[in-house]
Each structure stands twice: as structure tokens, then as C-alpha cells.
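Here is what each chain is made of, one letter per residue.
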Amino acid sequence: MGLQPSTEVILLPCIRKYLFVVRNLDMTKKLKIILAILLALLLVQHSFGQDTSKLLNTTWQTLKAQLSRRTNLSKRLAEFLEPNKITDTSIIEQLKANTVLLRNLLDLDKIDSITITKIHDRNDSLSISISKGVDVLQTDKSLIPTNEFEDIAIQLEGTENRIYIAIRDFNEICKNNGRYDLYFKKPLGDTEAIEIKND
């Protein structure tokens, strides 16, 4: 003995404006319709998740490329300072060490909160080392800045600007997708506040 069909029309709540189901369908057809709707909703959600992941990865790769470029320039700066016999050799050693450590972290090619925090912190340390190296060249009267140094300084300045933009873009994607755990903190010395609100 099967279920008796009726002609009552019901509206499914999840797609209230778009789909009416007539109750005179047998139970199998109803189940198939409901399963098809659920499958469609899952596919849409899965597709959105992939787009978010792809966008995060793309903006991360851009930021990573700029940080890598900066490590190349900091290596050149250390190589430039080394033969100049500056009195505080620890500046060169810190510059070299921070360059290598940041490069190693960038080579991990991971996007997780722990790695991003380590990269951020090492990037801050490298910023301090670069500033100290540039300050030595600008204040030590025995050192004469050359065209090579000016080239490194100009490229570093351009890279800093691109890093700032890449961090801003990456953080915006994280914020828009609720991934505050991946938020890359502001570059050292940046005074513009970026608010993080957990809604």
C-alpha cells in the first residue's frame, strides 16, 4: 500500500522564490528532487571555496615574490658593505643571517598562520638590518656611496612600496574571507592602521 498523492503545493524554504513542489509526486521523485537541490548547493559552495583558496594563493605568491626580491637586494647590500671595512661588522652579519633565514622560510611555500607569522617576524628583523646597513653608508664619512649603492637603494625603495601594496592586498583578501589567522601584519614603521574586526 503506497502513499496517496495529494494536490497540495508546498514551498521549499531554501529556494522559496524559485521552486514549487507538487505533493502528488511519489516519495521517490520527491527524494530525487531534494537530493538534486542539495547537490547543486554543495557544488556552488565547493566552487566558492576553491575560488577563495585560489585568490588567497595568488595574492600570497605576489607578496612572496616581493619578499624574495627584497632578500636578493639585502644580499647585494651585504656584499657591498663587506669590503668597505665598516667598524660594526655585526650589522653585516645580521643582514646576512636575516636574509638567509627569510629566504629559507619563503622556500617552504606554505600558507598557514605559523609560517606567515614567522615570515612576518623575520621580515621585520630584515627591515631593521637593512636600515642599519643603509644608515652606516649615509653617516660614515669614510664610506663613499657609489652608483652601485644608489642602484641598490632605489631598488630597495621600490620593493618596499610593492611589498606594502602586496601586504595590503593579501590582508584584504584574508579579511574578506574571514581568514584573520593568515593576516600578515603591517610592515615595520607603517603608521596607517588596518582594523581587524571579527564579526
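Keep in mind that what you see is a predicted model, and the values were worked out from it rather than measured.

## Comments concerning the pattern of salt bridges
Turning to step 1, where the next piece is worked out: One pass over the structure, following the stated rule, counts six salt bridges.
Turning to step 2, where the next piece is worked out: A salt bridge links Arg70 to Glu160; its shortest N-O distance comes to 2.5 Å. With Arg70 in helix 1 (residues 27-81) and Glu160 in helix 4 (residues 147-176), this residue pair connects regions lying 90 residues apart in the sequence.
Turning to step 3, where the next piece is worked out: Here Lys175 ties to Glu172 by a salt bridge, and the two come within 3.9 Å at their closest N and O atoms.

## A few points about the environment of Lys64
Turning to step 1, where the next piece is worked out: If you trace the backbone, Lys64 turns up in helix 1.
Turning to step 2, where the next piece is worked out: Judged by its relative accessible area of 14%, Lys64 falls in the buried class.
Turning to step 3, where the next piece is worked out: Each C-alpha atom of the pair Lys64 and Asp107 lies 9.4 Å from the other, and the pair is 43 residues apart in sequence.

## A few points about helix 3 (residues 113-139)
Turning to step 1, where the next piece is worked out: For helix 3, built from 27 residues, the straight-helix expectation of 39 Å at 1.5 Å per residue is met to within 8% by its first-to-last C-alpha distance of 39 Å.
Turning to step 2, where the next piece is worked out: Regarding helix 3, its N-cap is Asp112, as a side-chain oxygen of that residue lies 3.2 Å from the backbone nitrogen of Ile114 further along.

## Concerning the confidence of the model for the protein
Turning to step 1, where the next piece is worked out: For the protein, the average pLDDT comes to 75, and 68% of its residues sit at 70 or higher.
Turning to step 2, where the next piece is worked out: The model gives residues 15-24 a pLDDT under 50, and that stretch makes 21 contacts with residues more than four places away or in other chains.
Turning to step 3, where the next piece is worked out: Every residue in residues 188-199 scores below 50 in pLDDT, and together they form 14 contacts with partners more than four places removed in sequence or on other chains.

How each quantity is defined
Residues numbered from 1 in each chain as written. Predicted model: local features only at pLDDT ≥ 70, side-chain atom pairs only at ≥ 80, totals over all residues. Heavy atoms only, no water. Salt bridge = Lys/Arg side-chain N within 4 Å of Asp/Glu carboxyl O. Helix = DSSP H or I, 4+ residues; strand = E, 2+ residues; numbered from the N terminus. Buried < 20%, exposed > 50% of the residue type's maximum accessible area, 1.4 Å probe, protein only. Expected span 1.5 Å × (residues − 1). Polar contact = N/O pair within 3.5 Å; in protein donor to acceptor, adjacent residues only side chain to side chain. pLDDT = per-residue confidence, 0-100. Contact = heavy atoms within 4.5 Å.

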